[in-house]
Amino acid sequence: MEQKIGYELKYSNPHRHFLNVEMTVSGVKGDVLELQLPSWRPGRYELGDFAQNIQKLAVCDGDGNTLKFKKTTKDRWLVVCSNADEVVLKYNVYAKELGGGSTYLDVDQLYVNPINCCMYVVGREWEECSLQLDIPDEWRVAIGLPIIGKNKFVAKSFDHLADSPFIASGMLQHNSYEVAGVKFNLWFQGEFKPEWDRIIQAFTAFTEVHLDAMKSFPFDEYHFLFQICTYPIYHGVEHHNSTIIVLGPSYDIMKETKYYDFLGVSSHELFHAWNVKAIRPVEMQPYDFTKENYTNLGYVAEGVTTYYGDLFLYRAKCYSRFEYFKELHQLFQRHFHNYGALNLSVAESSFDTWLDGYKMGIPHRKGSIYTEGALVALMLDLSIRKDTSNNGSLDEVM
């Protein structure tokens, strides 16, 4: 099937960090076309206002004739189609931030979260679309989307495309393992020497525990995409059948303390494959990328995931009892040292994530959906085990 909506990403001067996006929309009907750039990204429940990274934008028809357009909101455009059945948008995006939910371009790699640089046609969000990358021939691409050609991929909808980040580079290191018939890919970008045997042994062990507890896996294949930096950083974001994890400094990752962080964030993000990607608050089904998607259940999305990410590492023997209790101790410490937990409930703090959930904020205003949510999960798990003589647990609930 030929896709009627296609995106081509290319660049000419990577050291300037400008990525060029060409979006082609065919099968246009009507006098106008509305195009929206998302205002936020899944996994980060605050407005991102990605349109501020667009420097120039031009619109034409399939024959190259200029079409008129205007902005109707900070990140929505209205195109006057003038009887054109094909509309082509060309714009550039500044890509100099390397983080879990950003887009970054330099001479060594093209790293893209489509959610912050690809627009969608309002009313046609659920159409299949294609993604073409104009990159050096020798580069490889780490991505969860199906491949349909040379550096060309297909998404079943804009939601699918937006939730499929990728890394294209000539430096990518790859390995994989299999659990219950599912292939799990490990991709590393950056100056890093993976101890493959050690990593695959640990990842296989905790993945087996995840699948054993949850009984099945939502996807046929999964990708761990690691951006390894030379400076301290710790960030992970869940996606459709993948995760982006940014870690550093690179020289410390295989050492004891940072290695536990490496395993911890990876286990956390894997559990998101069920919790949020497959199980989602009704208020976010489907996502509305134009505005805040309020819910009181952020603590379930992040807190329960935090609880299980560490617990499954203990069950897999990746954490000793000492290491697991150390993680629990940190949760208790964060709880008792944050008097904001006595002010706003964990549900109220979830709702206010869109307001100040990722900032320090004023003193003692809110709790952490990660910390308080994990402790709620712990209490619920223990109470179920107590009431069922340890024959039931939170596992059954999930």
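From a predicted model like this one, the values you see are computed outputs, not experimental measurements.

Orientation of helix H3 (residues 256-271) relative to helix H4 (residues 298-315), taken along the N-to-C sense of each, is 125°, at an axis distance of 8 Å. The angle between H3 and H4 places the two elements in the oblique class. Note on packing geometry: the crossing formed by H3 with H4 is right-handed. Here Leu263, Gly264, Ser267, His268 and Phe271 of H3 lie close against H4, whose contacting residues are Glu302, Val304, Thr305, Thr306, Tyr308, Gly309, Phe312 and Leu313. Here the residues of the contact of H3 with H4 sort into six nonpolar, six polar and one charged.

A few words on unusual backbone geometry. Omega for the peptide link from Gly248 to Pro249 comes to 5°, which places this bond in the cis form. With respect to the secondary-structure elements, Pro249 resides in the loop between strand E20 (242-248) and H3. Between Gln285 and the following residue, Pro286, the backbone shows a cis peptide bond with an omega angle of -5°. One non-glycine residue with positive phi stands out, namely His17, at about 70°. Take His17: it is sitting in the loop between strand E1 (5-10) and strand E2 (18-26). Residue classification places His17 among the buried positions, given a relative accessible area of 12%. One non-glycine residue, Asp49, adopts positive backbone phi at about 50°. The topology assignment puts Asp49 in the loop between strand E3 (32-36) and strand E4 (54-61).

With respect to the secondary-structure elements, His272 resides in the loop between H3 and H4. Residue classification places His272 among the buried residues on the basis of a relative accessible area of 0%. In this structure the side chain of His272 is engaged in a polar contact, spanning 2.9 Å, whose partner is the backbone oxygen of Asn275. Excluding its chain neighbours within four sequence positions, the residues that come into contact with His272 are Glu238, Lys277, Ala301, Glu302 and Thr305.

With respect to the element layout, Val376 can be found in helix H8 (residues 369-387). For the pair formed by Val376 and Ser345, sequence separation is 31 residues and the distance between their alpha carbons is 11 Å. For Val376, the contacting residues outside a window of four places in its chain are Tyr299 and Val346.

All right, on to the environment of Leu47 then. Tracing the sequence through the fold places Leu47 in the loop between E3 and E4. For Leu47, a relative accessible area of 35% translates into the label partly exposed. On a C-alpha basis, the gap between Leu47 and Ile147 in space is 31 Å, while along the polypeptide they are 100 residues apart. Those residues in contact with Leu47, other than ones at most four positions away along the chain, are Ser39, Trp40, Lys291, Glu292 and Trp354.

What counts and how
Residues numbered from 1 in each chain as written. Predicted model: local features only at pLDDT ≥ 70, side-chain atom pairs only at ≥ 80, totals over all residues. Heavy atoms only, no water. Axes fitted to C-alpha atoms, helices over the stretch in contact; angles between N-to-C directions. Helix = DSSP H or I, 4+ residues; strand = E, 2+ residues; numbered from the N terminus. Parallel < 35°, antiparallel > 145°, perpendicular 65-115°, else oblique. Left-handed = near helix turned anticlockwise from the far one by under 90°. Contact = heavy atoms within 4.5 Å. Nonpolar A, V, L, I, M, F, W, Y, C, P; charged D, E, K, R; others polar. Buried < 20%, exposed > 50% of the residue type's maximum accessible area, 1.4 Å probe, protein only. Polar contact = N/O pair within 3.5 Å; in protein donor to acceptor, adjacent residues only side chain to side chain.

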